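In case you want the letters, here they are:
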Amino acid sequence: MTDSNPRALRLGTRRSKLAMAQSGMVADAVREVTGRPVELVEITTYGDTSREHLAQIGGTGVFVSALRDALLDGTIDFAVHSLKDLPTAQPAELALAAVPLREDPRDVLVARDGLTFEELPDGARVGTGSPRRMAQLNAWARSLGRQVETVPIRGNIDTRIGYVEKGELDAVVLAAAGLSRLGRIEEATEHLSSDMILPAPGQGALAVECAAHNAQLAAQLAELDDPFTRAAVTAERSLLAALEAGCSAPVGALADLQADGQAVTEMRLRGVVGTTDGSTLVQLSTTGHVPASLGDAATPVNMGRELAAEMLAKGAAGLMGERAL
Ligand SMILES: NCc1[nH]cc(CCC(=O)O)c1CC(=O)O
């Protein structure tokens, strides 16, 4: 920007430590690409104040809607969300201006005494309220001939790890990205392999959103976009949307890309749906070639849809009916 005294861009953020960390990182990057000052504007969302379990209050959209309202009424210029918290339908009035380079998408275990999942004793109490995590953790335990007791928990990362520190739980499962952004990744006792636990669609990625009519700002924010991350999360979210699953449904998905520096990139998309008790999982994968012109979302979108169709044919729909925990 050549503007000599530009107005500060207002970045709307939730007040949680994680949201502030994520917004702070994006604010720095936006200052760099626009040359404009960025100020943080705190917005309280229903998801931050409610004590109810996420599955009961309608899933992750609760973290997003207050920020989106502020974008639409012009209180803020742009917002940063955890991409996995975004509903799959993108409102036409809002532009997903950038999906920056993704952090580690995996889940991690934070367990007492440095334990890994396979080292947990039979009957161990593992904190997570996520049906996706419950389904896969229980399936994993079953494959070891063991049981774990999944315990629904809520609260921020400090609170969750606190259950282990206080000895109330043997372990909790969290997203690696959240711990990393808070500088606490060293506390993970195991990075859970995506062969055992597929993350939530979009996990580890951020979404930078602004009003669609603000084309100039959208173009500037687009400089933060990582096309490979965008292709991967587009495929994962397309799978989720085609499964017609709410964000609290037990769906895991992960797309890996192998960039060959040439015209095409090979992408593998894996998806899983299961019953929360882990007795049944439908897990499938597909591979495809994503054109180097990654601006074209057709291939990732189609891969997600096709994999969803195969999963539905294998009975995924019946498993997702089980929404309550
Ligand atoms: N469920 C809430 C949420 N939304 C985003 C993250 C972590 C950051 C990310 O996945 O990008 C978390 C915490 C967690 O699942 O441990």
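Residues numbered from 1 in each chain as written. Predicted model: local features only at pLDDT ≥ 70, side-chain atom pairs only at ≥ 80, totals over all residues.

Attention shifts here to the overall build of the protein. Helix and strand content of the protein: 10 helices and 13 strands. Burial statistics for the protein: of 325 residues in total, 47% are counted as buried. Taking all contacts inside the protein whose residues are at least 6 apart in sequence as the whole, residues at least 24 apart take part in 75%. (Helix = DSSP H or I, 4+ residues; strand = E, 2+ residues; numbered from the N terminus. Buried ≥ 20, exposed ≤ 12 C-beta atoms within 10 Å, placed from the backbone. Contact = placed C-beta atoms within 7 Å.)

We now examine the pairing of strand 6 (residues 124–127). In this structure, strand 6 lies alongside strand 7 (residues 148–151), joined through four bridges in parallel fashion. If you follow Gly127 over to strand 7, its bridge partner there is Val151. Here strand 6 pairs with strand 8 (residues 171–175) via two bridges, running parallel. Bridged to Gly127 within strand 8 is Val172. (Pairing = 2+ DSSP bridges.)

Turning to the confidence of the model for the protein, a few remarks are in order. Residues at a pLDDT of 70 or more form 87% of the protein, whose mean pLDDT is 89. Here residues 54–58 is a poorly scored stretch, pLDDT under 50, and it has 13 contacts once near neighbours within four places are set aside; other chains count. We note a pTM of 0.91 for the whole complex and an ipTM of 0.95 for its interfaces. (pLDDT = per-residue confidence, 0-100.)

Another aspect to go through is the domain arrangement of the protein. Splitting the protein by domain gives domain 1 (7–100 + 205–225), domain 2 (107–191) and domain 3 (226–319). Of note, the centres of domain 1 and domain 2, computed from C-alpha atoms alone, are 28 Å apart. The interface is formed by eight residues belonging to domain 1 together with nine residues belonging to domain 2. Residue composition of the side of domain 1 that touches domain 2, by class: four nonpolar, three polar and one charged. (Domains from an automatic or database assignment. Nonpolar A, V, L, I, M, F, W, Y, C, P; charged D, E, K, R; others polar.)

Moving on: helix 3 (residues 65–72). Leu67, Arg68 and Leu71 are the residues of helix 3 that are buried. One side of helix 3 carries all its buried residues, which in axial view fall inside an arc of 100 degrees. Where helix 3 is buried, its residues touch strand 1 (9–13), strand 3 (78–82), strand 4 (94–98) and strand 10 (206–211). Just beyond helix 3, the residue with positive phi is Gly74, at close to 80 degrees. (Arc of directions from axis to C-beta.)

Quick look at the site of the ligand now. Residues in close proximity to the ligand include Ser82, Lys84, Asp85, Leu174, Ala175, Ala177, Gly178, Gln203 and Gly204, which together make up its full environment. Contributions of two or more residues to the shell around the ligand are made by strand 8 and helix 6 (176–181). Across the shell around the ligand, the residue classes break down as three nonpolar, four polar and two charged. Looking at which domains feed residues into the shell around the ligand, each of domain 1 (7–100 + 205–225) and domain 2 (107–191) gives three or more. (Near = placed C-beta within 6 Å.)

This brings us to the sheet that holds strand 6. Read across the sheet, five strands follow the order 7-6-8-5-9 without closing on themselves; strand pairing throughout is mixed. Of all strands in the sheet, those bounded by a partner on one side alone are strand 7 and strand 9 (190–191). Pairing analysis gives five bridges linking strand 5 (residues 107–111) to strand 8, with the strands arranged antiparallel. Bridge pairing in strand 8 links Ala111 to Ala171. In the packing of helix 4 (residues 131–143) onto the sheet, the strands contacted are strand 5, strand 6, strand 7 and strand 8, and the crossing angle to strand 7 comes to about 170 degrees. Sheet strands in contact with helix 5 (residues 157–165) are strand 5, strand 6 and strand 8, and its direction is about 155 degrees off that of strand 8. (Axes fitted to C-alpha atoms, helices over the stretch in contact; angles between N-to-C directions.)

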